[in-house]
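Breakdown of the fold
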Amino acid sequence: MPKTIKEEERSRLLLVDDNQENLEVLGILLEKEGYDISAVPSGELALEVVSRSKPDLILLDVMMPHMDGFEVCEHLKKDHKTRDIPIIFITAKNDAEDMIKGFEIGGVDYITKPFQYEVVAARIKTQVEINKLSHLKEFMINELGKKNQHLLQLDQAKNKILSMAAHDLRNPLASIRGLSKILLKGINNLSTEEINEFLTIINDSSNHMLNLVNDLLDYSVIESGHVDLRLNSNCLTKLIQSRIRINEIIFESKMIKIVSDIGTECEFKFDKGRISQVIDNLLTNAAKFSNPGSSIYVKLEKTEKHAKVSVRDEGPGISKEDQKKIFDGFQMLNPRPTAGEKSTGLGLAIVKKILQSHGGYMEIESELGAGSTFSFFLPLS
Amino acid sequence: MSMPEKINILLADDERHIRVLIKRMIKKLDTEFIWEAKNGGEAVEFYKEFQPDLTLLDINMPIKTGIEALEEIREFDPKALVIILTSLANMEDIQRCAALGAAGYIRKDLDEEEMIEIIENSWNKWWGN
């Protein structure tokens, strides 16, 4: 099956005739029509040529010594690699029985000698066109099959996200609904501590739902390919510094020390807002999985083609199995955040997409018990 | 055997707000102790240590899922009364838990009365009343 169809490509004809003069005359005339011509004087040679390179059509004489045209045709039709080459018989054998046999064994046309050249040229052209259309049809069917498969995969992924989002929204909703009902039923029967606890849970749960809905919307925008990147010249060093400052409150709450080695300048084009999202995600993830009092190391390096940013934590690490699914979204991975922090489960899936849309990528290095390093690479140009 | 007084319950769910909610919902039951497990691993550990009268087990939990925890609890104690907690009634999971001997399932968004009713019915069915 062809991988691509090139309409302008010259069709290749193989002429097989033991009469040298016939070969030469037909060869010269058909070459003028724009075909690429190969010519051989026997059936055996014809099979050899076809086995090396498949022509688009064979013009095959029937009466030849050793192996006649019908035998050649039968050989080619038996082999799945050559079965689809159209064969036109061209022969002095002009009785109906031979013609019928020619069609029965797989010939597409049967021309009797003496022939008028224009008729031969017209019949060859028709068969070449039919053959091209048939290849095009096969190609289109194959492409449609692939597209269909891709759409089915996308549909399955979307359904999975939808059902997991519904699941993750339903849990906080259950506590909002249940606890508010209890509060409405009889606030006087509850202690102040209970009321505070229930209201805090309601507030936290609604915040978590809002974050989840925001991430879902973001994810769906990115997934549908509608990310409008605002590529401007920015300094990645300054951006990292500012994101560390903005997230300081999170690090302080767990007494986490940030150790940065990010140089002084690294200017190139990227979307500042989106890359801020990536840096925030890696920093807050590292904080979530770090024990109080530990350190997070942030490093910026320039390679020949990329800016590489690494965020290393001293947390519990991620198993090889979990590393494989960490970017898929909504994964239940071990271990969980050290202080019960909430995750929407979509953060890294979004990060991956943002980096891909910049032509960048992400890497993880981690071992259980030995911390994790998340690195992202952005092309400098 | 109808539900006795002062029963001990093991409540396993990885989300604290759900544990608070369920604990409050089942307040009407006469409980002596409610042990709270934050993951499937703790659920199995606590079950083996305390052997509660009733276990409420979430399905989606880290370390060990509710299904894995149920398998281990069942192996340790064939008579363990376990009710599954679900946020979405996923029939496949529920059927799997039923095959592993869960006495019933509770959707987390049910009302207090419905939750208590399911627990009482499961208790009665389990002990053949």
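Figured I'd write up the structure that's included with this text. (Residues numbered from 1 in each chain as written. Chains lettered and ligands numbered in written order. Predicted model: local features only at pLDDT ≥ 70, side-chain atom pairs only at ≥ 80, totals over all residues. Heavy atoms only, no water.)

Of the regular secondary structure elements, chain B holds five helices and five strands. Sequence-ordered secondary structure for chain B, helices as α and strands as β, is β-α-β-α-β-α-β-α-β-α. Residues counted as buried form 54% of the 129 residues belonging to chain B. Sequence-distant contacts in chain B: of pairs separated by 6 or more residues, those separated by 24 or more amount to 65%. Summed over its atoms, the accessible surface of chain B is roughly 6,000 Å², and 47% of this surface lies on carbon and sulfur atoms. (Helix = DSSP H or I, 4+ residues; strand = E, 2+ residues; numbered from the N terminus. Buried < 20%, exposed > 50% of the residue type's maximum accessible area, 1.4 Å probe, protein only. Contact = heavy atoms within 4.5 Å. Areas by Shrake-Rupley, 256 points an atom, 1.4 Å probe, with all protein chains shown as cover.)

Our next topic: the overall build of chain A. Summing up its helical and strand segments, chain A has eleven helices and twelve strands in all. Counting across all 381 residues of chain A, residues that qualify as buried make up 43%. For chain A, the share of sequence-separated contacts (at least 6 apart) that also reach a separation of at least 24 residues comes to 70%. Split by element, the accessible area of chain A, about 21,200 Å² in all, is 53% carbon and sulfur.

Residue and element names in this part refer to chain A. The mixed open sheet is built from five strands, whose spatial order is β7-β9-β10-β12-β11. Edge positions in the sheet fall to β7 (257-261) and β11 (361-366), since each has one partner strand and no second. Put simply, the sheet's adjacent strands are angled 15° from each other on average, direction ignored. Bridge count for strand β10 (residues 306-313) against strand β12 (residues 372-379) is seven bridges, and the pairing is antiparallel. Bridge pairing links R312 to T373 in β12. (Pairing = 2+ DSSP bridges. Axes fitted to C-alpha atoms, helices over the stretch in contact; angles between N-to-C directions.)

Below, the discussion takes up the interface of chain A and chain B. Counting residues at the interface gives 25 residues for chain A, matched by 22 residues for chain B. Across the interface of chain A and chain B, roughly 2,100 Å² is buried in total on both sides, 52% from carbon and sulfur atoms. It is H167, R170 and N171 of chain A that lose the most area in chain A upon contact with chain B, and together they represent 26% of the buried surface on that side. The tally of links between chain A and chain B comes to seven salt bridges. At the boundary of chain A and chain B, one finds ten residue pairs in polar contact (both at pLDDT 80 or more). Every element with two or more residues in the side of chain A that touches chain B is listed here: α5 (117-185) and α6 (192-223) of chain A. Tallying contributions element by element places α5 of chain A first for the side of chain A that touches chain B, with 14 residues. (Buried area = accessible area lost by both parts, 1.4 Å probe. Salt bridge = Lys/Arg side-chain N within 4 Å of Asp/Glu carboxyl O. Polar contact = N/O pair within 3.5 Å; in protein donor to acceptor, adjacent residues only side chain to side chain.)

Further remarks concern the sheet that holds strand β1 (residues 12-16) of chain A. Residue and element names in this part refer to chain A. Here we have five strands laid out as an open sheet, ordered β2-β1-β3-β4-β5, and parallel in their pairing. A strand with exactly one partner marks an edge of an open sheet, and here the two such strands are β2 (36-40) and β5 (109-112). The sheet shows a mean angle of 20° between the axes of neighbouring strands, direction not considered. Here β1 pairs with β2 via five bridges, running parallel. Directly across from L15, in β2, lies its bridge partner A39. In this fold helix α3 (residues 69-78) packs onto β3 (57-61), β4 (87-91) and β5, with an angle of close to 175° to the strand it touches most, β4. Contacts from helix α4 (residues 96-104) reach β4 and β5 within the one sheet, and its direction differs from that of β5 by about 150°.

So, about the nonpolar core. Residue and element names in this part refer to chain A. One finds L236, I240, I275 and F376 to be the most contacted residues of the largest nonpolar core, which totals 45 residues. In terms of residue count, helix α9 (residues 272-288) provides more of this core than any other element does, seven residues in total. Ignoring anything within four residues of it in the chain, the contact list for L236 reads C266, F268, F270, I275, I279, L300, A307 and V309. (Core = buried A, V, L, I, M, F, W, Y, C linked by side-chain atoms within 4.5 Å.)

Here we take up the packing of aromatic side chains. The geometry of an aromatic ring pair is captured by two quantities: the separation of the ring centres and the angle between the planes. Evaluated as defined, the whole model comprises ten aromatic pairs over all chains. The interplanar angle of 55° and the centroid separation of 5.0 Å between the aromatic rings of F268 of chain A and F270 of chain A together place this pair among those described as tilted. Each member of the pair F268 of chain A and F270 of chain A is classed as buried. With a centroid separation of 6.2 Å and an interplanar angle of 85°, the aromatic rings of Y47 of chain B and F76 of chain B are classed as edge-to-face. Placement of the pair is Y47 of chain B in helix α2 (residues 40-50) and F76 of chain B in helix α3 (residues 66-76), with a sequence separation of 29 residues. In this structure Y47 of chain B comes out as buried when scored by relative accessible area, which is 2%. The exposure class assigned to F76 of chain B is partly exposed, which follows from its relative accessible area of 37%. (Phe/Tyr/Trp six-rings, centres within 6.5 Å; stacked < 30°, edge-to-face > 60°.)

Before going further, it helps to spend a moment on the side chain of D98 of chain A. Residues and elements named next belong to chain A. Relative to the elements of secondary structure, D98 occurs in helix α4. Under the relative-accessibility criterion, D98 is labelled buried at 13%. Leaving out residues up to four positions away in the same chain, D98 has contacts with F70, K93 and Y110.

All names here are of chain A. The N-to-C vectors of α9 and helix α11 (residues 347-357) enclose an angle of 145°; their axes lie 10 Å apart at closest approach. The chirality of how α9 crosses α11 is left-handed. Only G347, L348, I350, V351, I354 and L355 of α11 make contact with α9, whose side of the interface consists of R274, I275, Q277, V278, N281, L282 and N285. The residue inventory of the contact of α9 with α11, partitioned by class, reads eight nonpolar, four polar and one charged. (Left-handed = near helix turned anticlockwise from the far one by under 90°. Nonpolar A, V, L, I, M, F, W, Y, C, P; charged D, E, K, R; others polar.)

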